[in-house]
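# Chain and residue survey
Each chain is listed here by its residues.
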Amino acid sequence: MIVISYDISNDKLRTKFSKYLNRFGHRIQYSVFEIDNSSKLLNNIICDIENKYAKSFREEDSVYIFKLSASCEVVRYGYAKHEEEDILIV
């Protein structure tokens with residue numbers, strides 16, 4: 001799993017970046033996305049950030065990318081607890 005967290009001060013850029021990340025994963029918090037782990041996908045995201053977004057970031061903006069291995073444990077509570085359950089529709 002890849003977790004991407006961001007804090008971008010410009011509203012227009014933040015919205016554009018959020019829509020971009022939404023194409024690859026799902027939002028788990030307001031400015032945090034969970035994306036399935038794929039080295040090709042991660043390389044594409046990093047390349048896009050560097051080429052399309054980084055030059056627009058201000059000094060106070062930040063983007064964190066956490067690459068979690070299969071051995072990492074994720075503990076969820078509340079609504080997030082249901083994120084790990086498979087849904088079967090009959």
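Right above here is the structure, for reference.
Described in the following lines is the structure provided in the data block. (Residues numbered from 1 in each chain as written. Predicted model: local features only at pLDDT ≥ 70, side-chain atom pairs only at ≥ 80, totals over all residues. Heavy atoms only, no water.)

## Quick look at the sheet that holds strand S4 (residues 62-67)
Note the threshold: Two strands form a pair only when DSSP identifies at least two bridges running between them. A run of H or I in DSSP becomes a helix once it reaches four residues, and a run of E becomes a strand once it reaches two; helices and strands are each numbered from the N terminus. Axis geometry follows a simple rule: fit a line to the C-alpha atoms, using only the stretch in contact for helices, then measure angles between N-to-C directions, giving values from 0 to 180 degrees. Whether two residues are in contact is decided by their heavy atoms, any of which lying within 4.5 Å being enough.
Taken together, 4 strands build an open sheet; the order of strands is S2-S3-S1-S4 and the sheet is antiparallel. Taken across any chain shown, the strands that pair with only one partner, and hence form the sheet edges, are strand S2 (25-29) and S4. Neighbour-to-neighbour, the strand axes of the sheet open up by a mean angle of 25°, direction not taken into account. The sheet contact formed by S2 and strand S3 (residues 32-35) spans 4 bridges and is antiparallel. The residue bridging Gly25 from the neighbouring strand is Ile35, located in S3. Sheet contacts for helix H1 (residues 11-22): strand S1 (2-7), S2, S3 and S4; angle to S1, the most-contacted strand, approximately 170°.

## Some words on the environment of Asn22
You can see Asn22 is positioned in helix H1. Once the C-alpha coordinates of Asn22 and Phe33 are considered, the two residues, 11 residues apart in sequence, prove to be 7.6 Å apart.

## Focus on the nonpolar core
Nonpolar side chains in soluble globular proteins tend to end up buried together. To be explicit about the condition: Residues belong to one nonpolar core when they are buried, are Ala, Val, Leu, Ile, Met, Phe, Trp, Tyr or Cys, and are joined through side-chain atoms within 4.5 Å. Under the scheme applied here, a residue whose accessible area is under 20% of the maximum for its type counts as buried, over 50% as exposed, and between as partly exposed, the area being computed with a 1.4 Å probe on protein chains only.
Grouped together as the largest cluster of nonpolar side chains are 15 residues, with contacts concentrated most on Ile4, Tyr6, Phe17, Leu21, Ile35 and Ile45. Looking at this core, the elements with two or more residues in it are S1, H1, S3 and helix H2 (39-53). Of the residues forming this core, the biggest block, 5 residues, is contributed by H2.

## Concerning the packing of H1 against H2
The relative placement of two packed helices is expressed as an angle between their axes plus a distance between the axes. Short version of the rule: By the definition adopted for this analysis, an angle is roughly parallel if under 35 degrees, roughly antiparallel if over 145, roughly perpendicular if from 65 to 115, and oblique otherwise. Left-handed is the label given to a crossing in which the near helix is rotated counterclockwise from the far helix by less than a right angle, and right-handed is the label when the rotation is clockwise. Any residue outside Ala, Val, Leu, Ile, Met, Phe, Trp, Tyr, Cys, Pro, Asp, Glu, Lys and Arg is labelled polar, Gly included; the first ten of those are nonpolar and the last four are charged.
It is the contact of H1 with H2, at a shortest axis distance of 12 Å, that shows an interaxial angle of 160°. Put simply, H1 runs roughly antiparallel to H2. Crossing hand, H1 versus H2: right-handed. On the side of H1, the interface is formed by Leu13, Lys16, Phe17 and Tyr20, while H2 contributes Asn44, Ile45, Asp48, Ile49 and Tyr53. Among the residues making up the contact of H1 with H2, the classes are represented as 6 nonpolar, 1 polar and 2 charged.

## Brief notes about the pattern of salt bridges
Convention followed: For salt bridges, the criterion is a side-chain nitrogen of Lys or Arg within 4 Å of an Asp or Glu carboxyl oxygen.
The full count for this structure, using the stated rule, is 2 salt bridges. A salt bridge links Arg14 to Asp11; its shortest N-O distance comes to 2.2 Å. With Arg14 and Asp11 both in helix H1 and 3 residues apart, this pair spans about one turn of that helix. For the salt bridge of Asp48 with Lys52, the shortest nitrogen-to-oxygen distance reads 3.9 Å. In this pair, Asp48 and Lys52 both sit in helix H2, 4 residues apart, roughly one turn of the helix. The class of Asp48 is buried, set by a relative accessible area of 17%.

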